[in-house]
Amino acid sequence: TNVFESRVFSRMPTSVDEVLSKLTIGAYDTLAYDDGTYSDSVTENDVTAYFKAGEEFTAETIFEVTDKNRRSFRFKNSMESVRVQGDSSLSFRNPSSFMSVLNTESTAGKAAYETDAALDHYLYHDNTAPFLALRMIQRMVTSNPSPRYVQAVADAFTSGQYMDIGSGIYGDMGAMTAAVILEPQARDETLDNDPFDGQFVEQVLQITRLSRGLEITPSDTVKLVYFDHLKDKVGQAPYEYDTVFSFFLPEYTPDGTTKIGQATLVAPEVVALDAPKTVELINGMFSMVKYGLSRCYGGFNSNWGSCTENDDFSNSYAHLTHEMAWDQPEAGEVHASAVVSELSLLLTAGRLSNTNFDIVKNAYLDKLPLAGHAAAHRMAVQLLLTTPEFHTTQTTIPSGLARPEPAEPVSSGVPYKAIVMVMLGGGADSFNMLVPHTCTGAKDMYQEYNEVRLDVALPKNDLIELNSVSNQVCEKFGVHPRYGNVAAMFNSGDLSWFTNTGVLDKETNKYEYWKDTVTQLFAHNWMQQAAQKVDPMKDAFGTGILGRIRDAATNQGRSVGAFSIDWSSAATSGKPGVNPSAVILNRNGVTKFNEKPSSDDMLITIKKLNEDVTPESGAFSDLWSDHLTTALATNERLYNTLSVKTVQTEFPNEHLSRQLEMVAKMIDSRGERGADADVFFSSKGGFDTHMNTLVNTDRLFGELDAAYGAFRQELEAKGIWDKVTLITVSDFARTLNPNGNAGVDHAWGGNYLIMGGSVKGGQIHGEYPDNLTDEGDRMLTRGRAIPTTGWEVVFRATAEWFGCDPADLPEILPNMETFTREDYWIPASNVFNM
């Protein structure tokens, strides 16, 4: 190779941007050179050029510019290219800088410079300021800020100044925060009446608002107030994120049956709304109001209190001390109005509607002569904690009509079937799930696998062998050593694999994939959504693959349930008006709502506080009331059903196992629920293994295998295994070639299992890559496999097994017409025993 240096500019650049886009080699300050070395300079277009004495534009000319973020740069007027064997057609920019294995000080310096450069690139990237601005606004003010609002906050970040706040330095978070809370969209009270401006209040913030607003005080022996098991109870707790992406998806849109979904707006906090967590949240807050901070009736602490509603909190960990003093001469109604007014200010920022104000006041007055002021105060607080004004930042305009409750489904008598989707969140390293073993063809694929995967390869002797197949590059494959149940199901004919499968907008190759693909590749959020929706062109916007399968079955007259375990899912969303929204269940089961109510008619009052609203009412508050009404009805129905359901199999005490245990109980309750069919979504995170892949996946794959094994055993014991199909999906697979941390990075196509009593097992569908190196036809750099099989293939076969009409397939799979090759599709009869 040879390194060639050449001049870039033979004239003054036309702008700072032209300099920044064309020059990459830094230069010293001209004052660092001997006197007279750089004697002439010219400034035009905000660019200063320094010339060597007697010279004009040469490769030694130095340009000095200041970018829009007020950073100064000096560049040499030169570019370097490395030519292979002197051929200009085989060249790349700038010679590589290699890290020395001997001079550790030099190596550390180079690494530090590279790291600083990478961090600077991220910090000063044009997307950074608006990205942070949107996230900050969503967390602090409103879910759907206007572009002007985002721009103002982003400008405060880049300028380091908002009004007279800030240091004037790029990245000043104080200036940015000031813009978030002082911009007109954050302060204008008229926007309280905008039905689409506002947000849901996070669960932890609701508990914090209650605790601080009503002055929580620890008991005499307690120095620090803490809440136990919030993550399990309400889905959120400080420092207990499941993933690096926090508790909510910033771009989450509720299903199309809601005003927010119909308006294609986002509501990130709604992703965590489910019936059991809502009940746990309200039960926990009710408990704190009545018994102090304890474990009584779903409380948020593990210590027992008295569990009797009175004024004695001596056994509680802490208790709420706020209570408006009442001078007896004051009329009860006047005092009631003052109490509710103050509570409204503390808990809803004064947004409580006149209708709800009167409902709470009347409940206070009803309780007052029976149990006294303190008990009436507790009643008023509890009722306020159920209102839409407490759970959102919007106002509400009640219509005076009762909100309709969900109707109970009625079975049509069609034989039952269920689909269970398991999302492996973070991108599972599925090329260590299914590995070449015995290959008698042109080359040893295991050897190639071992050479490409290096220190993340599994030893051949550790693999569990699968039965032979005849349609792949190898006749025998092995699975991860922790996949004992998976191997047994494959070999017994209850499990198959789809290999090199994933998001595929159209059939493509390594040279044209970038223009053939609409989906934003290699990004967790977008590819998880793509796997759940299977609608890359957004032809069925706002719906997911399970939701569309459910809709098609419902249109055939079947009663089809939809359930997402622990979190909301895009996969279960269907078309508006076809089905009720999917129910979100807690993996730990269903808790009875308000087991010890403060009055016999308390549930009726709560429903009045969440009655139907006018069209002008807030969309977020309407969604809360609709969710609460549905949650309470669903919770009661499921509590009565599941409380008598048991499992015959001991499921491991692990996240996915508990989810699948709940799925098994729900399947067992199909008769009581009047269900002809169900679709379920469950998930397990932690697969984003950028470091220590082998150690992490050994644990993760072991947990998966145990969950799959227990699920199969339970369904077989209940005689329903042949009616259920479980499918795994993930955002993407991992790079075959490891990084420097014994980890692997984001890739594309992967290997996914399908299991069930109707699965025609022992098969590997699709095409396992016949070349795992970067020279392979299906391989991008570092072993990122381009899928040969799209999710459409998997779910077309599954929908046909589920009983969907073939005429409905274009609606279930809006992008299926893109795949025109006849042998692209795998017949359902090859995948299932039909």
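Refer to the structure printed above.
Residues numbered from 1 in each chain as written. Predicted model: local features only at pLDDT ≥ 70, side-chain atom pairs only at ≥ 80, totals over all residues. Heavy atoms only, no water.

Q: Could you give me a rundown of the overall build of the protein, with the residues and numbers involved?
A: Regarding its fold elements, the protein presents 27 helices and 23 strands. Relative to its length of 834 residues, the protein is compact, with a C-alpha radius of gyration of 31 Å against a globular reference of 28 Å. Along the three orthogonal principal directions, the C-alpha set of the protein runs to about 100 × 70 × 55 Å. Within the protein, buried positions represent 54% of all 834 residues. Put simply, 71% of the contacts in the protein that link residues at least 6 apart link residues at least 24 apart. Counting only carbon and sulfur atoms, one obtains 50% of the accessible surface of the protein, whose full area is about 36000 Å². Averaged over its 68 positive side-chain charges, the protein has a centre that lies 4 Å from the centre of its 110 negative ones. (Helix = DSSP H or I, 4+ residues; strand = E, 2+ residues; numbered from the N terminus. Rg over C-alpha atoms; globule rule 2.2 N^0.38 Å. Buried < 20%, exposed > 50% of the residue type's maximum accessible area, 1.4 Å probe, protein only. Contact = heavy atoms within 4.5 Å. Areas by Shrake-Rupley, 256 points an atom, 1.4 Å probe, with all protein chains shown as cover. Lys, Arg positive; Asp, Glu negative; His and termini not counted. Charge placed at Lys NZ, Arg CZ, Asp CG, Glu CD.)

Q: Could you give an account of the sheet that holds strand S3 (residues 47–52), naming the residues involved and the relevant values?
A: Pairing within the open sheet is antiparallel, and its four strands lie in the order S2-S3-S4-S5. A strand with exactly one partner marks an edge of an open sheet, and here the two such strands are strand S2 (38–44) and strand S5 (72–76). Taken over all neighbouring pairs, the strand axes of this sheet differ in orientation by 20° on average, direction set aside. The pairing of S2 with S3 spans six bridges and is classified as antiparallel. Following the sheet pairing, valine 42 is matched in S3 by alanine 49. (Pairing = 2+ DSSP bridges. Axes fitted to C-alpha atoms, helices over the stretch in contact; angles between N-to-C directions.)

Q: Talk me through the side chain of threonine 789; I want residue IDs and the actual numbers.
A: Mapped onto the fold, threonine 789 is located in strand S23 (residues 789–790). On the basis of relative accessible area, threonine 789 is assigned to the buried category, the value being 5%. Other than its neighbours up to four places away in sequence, threonine 789 contacts Phe498, Thr499, Asn500, Thr501, Gly502, Leu504, Gly766 and Tyr824.

Q: Can you tell me about the side chain of glutamate 714, naming the residues and giving the values?
A: Secondary-structure assignment places glutamate 714 in helix H24 (residues 693–717). The contacts of glutamate 714, once residues within four sequence positions are left out, are Thr646, Val647, Gln648, Thr649, Phe651 and Ala664.

Q: Could you give an account of the state of the cysteines, with specific residues and numbers?
A: A complete count under the given rule lists two disulfides for this structure. Each disulfide pairs two cysteine sulfurs, and for cysteine 296 the partner residue is cysteine 307, the sulfurs being separated by 2.0 Å. Handedness here is read from the sign of the S-S torsion; for cysteine 296 and cysteine 307, about -85°, the answer is left-handed. Of this pair, cysteine 296 sits in the loop between helix H10 (275–291) and strand S9 (318–320) while cysteine 307 sits in the loop between H10 and S9, and the two are eleven residues apart along the sequence. For the residue pair cysteine 296 and cysteine 307, the accessibility class agrees, reading buried in each case. (Disulfide = S-S within 2.5 Å.)

Q: Break down the pattern of salt bridges for me, with residues and values.
A: Pairing between side chains of opposite charge can happen when the charged atoms of each approach one another. Following the criterion strictly, the structure yields 43 salt bridges and no others. Across the pair lysine 76 and glutamate 60 runs a salt bridge whose closest N-O atoms are separated by 3.9 Å. Taken together, the residues span a long stretch of sequence, with lysine 76 in strand S5 and glutamate 60 in the loop between S3 and strand S4 (62–66) at a distance of 16 residues. As a salt-bridge pair, arginine 403 and aspartate 622 come within 2.9 Å of each other at their nearest N and O atoms. Residue arginine 403 is located in the loop between helix H14 (388–391) and strand S10 (417–424), and its partner aspartate 622 is located in helix H21 (residues 619–642); the two are separated by 219 residues in the primary sequence. (Salt bridge = Lys/Arg side-chain N within 4 Å of Asp/Glu carboxyl O.)

Q: Let's hear about the packing of helix H16 (residues 484–492) against H24: which residues, and what values?
A: Packing of H16 against H24 brings their axes to within 7 Å, and their N-to-C directions diverge by 50°. Considered as vectors, H16 and H24 are oriented oblique to each other. Contacts between H16 and H24 involve Gly484, Asn485, Val486, Met489 and Ser492 on the former and, on the latter, Asp705, Ala706, Tyr708, Gly709 and Arg712. Its residues assigned to classes, the contact of H16 with H24 shows four nonpolar, four polar and two charged. (Parallel < 35°, antiparallel > 145°, perpendicular 65-115°, else oblique. Nonpolar A, V, L, I, M, F, W, Y, C, P; charged D, E, K, R; others polar.)

Q: I'd love a proper account of the sheet that holds strand S6 (residues 78–84), names of residues and values included.
A: A sheet is described by the order of its strands in space; here three strands give the open sequence S1-S6-S7, paired in antiparallel fashion. The open sheet terminates on both sides in strands that have one partner only, identified here as strand S1 (2–7) and strand S7 (87–93). Here the strands of the sheet are splayed against their neighbours by 40° on average, with no regard to which way each runs. Across six bridges, S1 lies against S6 in antiparallel orientation. From the neighbouring strand, serine 6 faces S6, where its bridge partner is methionine 79.

Q: Got a sec to walk through the packing of aromatic side chains? Specific residues and values, please.
A: Centre-to-centre distance and the angle between the planes together describe a pair of aromatic rings. For the structure on display, the rule yields 28 aromatic pairs. In textbook terms, an aromatic cluster arises when at least three aromatic residues are bridged by ring pairs, as seen for Phe9, Phe51, Phe57 and Phe63. Looking at arginine 83, its charged tip hangs above the ring of phenylalanine 4, at a distance of 4.3 Å from the centre. Positioned above the aromatic ring of tryptophan 567 is the side chain of lysine 277, whose terminal nitrogen or guanidinium carbon lies 5.1 Å from the ring centre. (Phe/Tyr/Trp six-rings, centres within 6.5 Å; stacked < 30°, edge-to-face > 60°. Lys NZ or Arg CZ within 6 Å of the ring centre and 35° of its normal.)

Q: Please give an account of helix H25 (residues 791–802) that cites residues and values.
A: Taking 1.5 Å per residue as the helical rise, H25 with its twelve residues ought to reach 16 Å, and the 16 Å between its terminal C-alpha atoms agrees with that figure. Of all twelve residues that make up H25, ten are buried, and the element is covered over most of its length. For H25, the complete set of buried residues consists of Trp791, Glu792, Val793, Val794, Phe795, Ala797, Thr798, Ala799, Trp801 and Phe802. With its phi angle positive at about 105°, glycine 803 sits one or two positions after the end of H25. (Expected span 1.5 Å × (residues − 1).)

Q: Go over H21 with me, naming the residues and quoting the values.
A: Given a rise of 1.5 Å per residue, 24 residues ought to cover 34 Å, and the 32 Å separating the end C-alpha atoms of H21 matches this to within 8%. Burial of H21 is extensive: 18 of the 24 residues sit out of reach of the surface.

Q: How would you sum up the nonpolar core? Please name residues and give values.
A: Formed by 69 residues in total, the largest nonpolar core has its most connected members in Trp497, Ile667, Tyr708 and Phe711. Here this core takes eight residues from H24, the largest share from any one element. Those residues in contact with phenylalanine 711, other than ones at most four positions away along the chain, are Val420, Phe651, Leu660, Val663, Ala664, Ile667, Trp721, Val724 and Leu726. Core analysis: the second largest hydrophobic core is formed by 62 residues, Ala237, Val289, Ala318 and Met379 among them. (Core = buried A, V, L, I, M, F, W, Y, C linked by side-chain atoms within 4.5 Å.)

Q: Which residues make up the environment of serine 643, and what are the values?
A: Checked against the element boundaries, serine 643 lands in the loop between H21 and helix H22 (655–668). When the C-alpha positions of serine 643 and isoleucine 764 are compared, they lie 40 Å apart, and in sequence the two are 121 residues distant. Within the structure, serine 643 has its side chain in polar contact with the backbone oxygen of asparagine 640 (distance 3.4 Å). (Polar contact = N/O pair within 3.5 Å; in protein donor to acceptor, adjacent residues only side chain to side chain.)

Q: I'd like a description of the packing of H22 against H24, backed by residues and values.
A: Put simply, H22 and H24 touch, their axes get as near as 9 Å, and they point 15° apart. In terms of orientation, H22 lies roughly parallel with respect to H24. For the pair H22 and H24, the sense of crossing is right-handed. Every residue of H24 that contacts H22 at Leu656, Ser657, Leu660, Val663, Ala664 and Ile667 is listed here: Glu703, Leu704, Ala706, Ala707, Tyr708, Phe711, Glu714 and Leu715. (Left-handed = near helix turned anticlockwise from the far one by under 90°.)

Q: Go over the environment of glutamate 342 with me, naming the residues and quoting the values.
A: Relative to the helices and strands, glutamate 342 resides in helix H11 (residues 332–348). As a C-alpha pair, glutamate 342 and asparagine 771 span 429 residues in sequence and 71 Å in three-dimensional space. Each residue touching glutamate 342, except ones within four places of it in the same chain, is listed here: His322 and Met324.

Q: Give a detailed account of unusual backbone geometry, specifying residues and quantitative values.
A: In this model, histidine 229 sits at a positive phi of 55°, which is unusual for a non-glycine residue. By the element assignment, histidine 229 lies in the loop between strand S8 (216–218) and helix H8 (230–234). Of the residues examined, histidine 229 reaches a relative accessible area of 53% and is grouped as exposed. In the Ramachandran plot, threonine 264 falls in the positive-phi region, its phi being about 55° despite a non-glycine side chain. Relative to the helices and strands, threonine 264 is located in the loop between helix H9 (259–262) and H10.

Q: A description of a nonpolar patch on the surface should follow, citing residues and the corresponding values.
A: Residues Met140, Met163, Ile165, Ile181 and Leu182 make up a contiguous nonpolar surface patch of about 420 Å² in total accessible area. Locating methionine 140 in the fold gives a position in helix H3 (residues 128–140). What makes methionine 140 partly exposed here is its relative accessible area of 40%. (Patch = residues over 30% accessible without salt bridge, like charges linked within 9 Å, V, L, I, M, F, W, Y side chains within 5 Å.)

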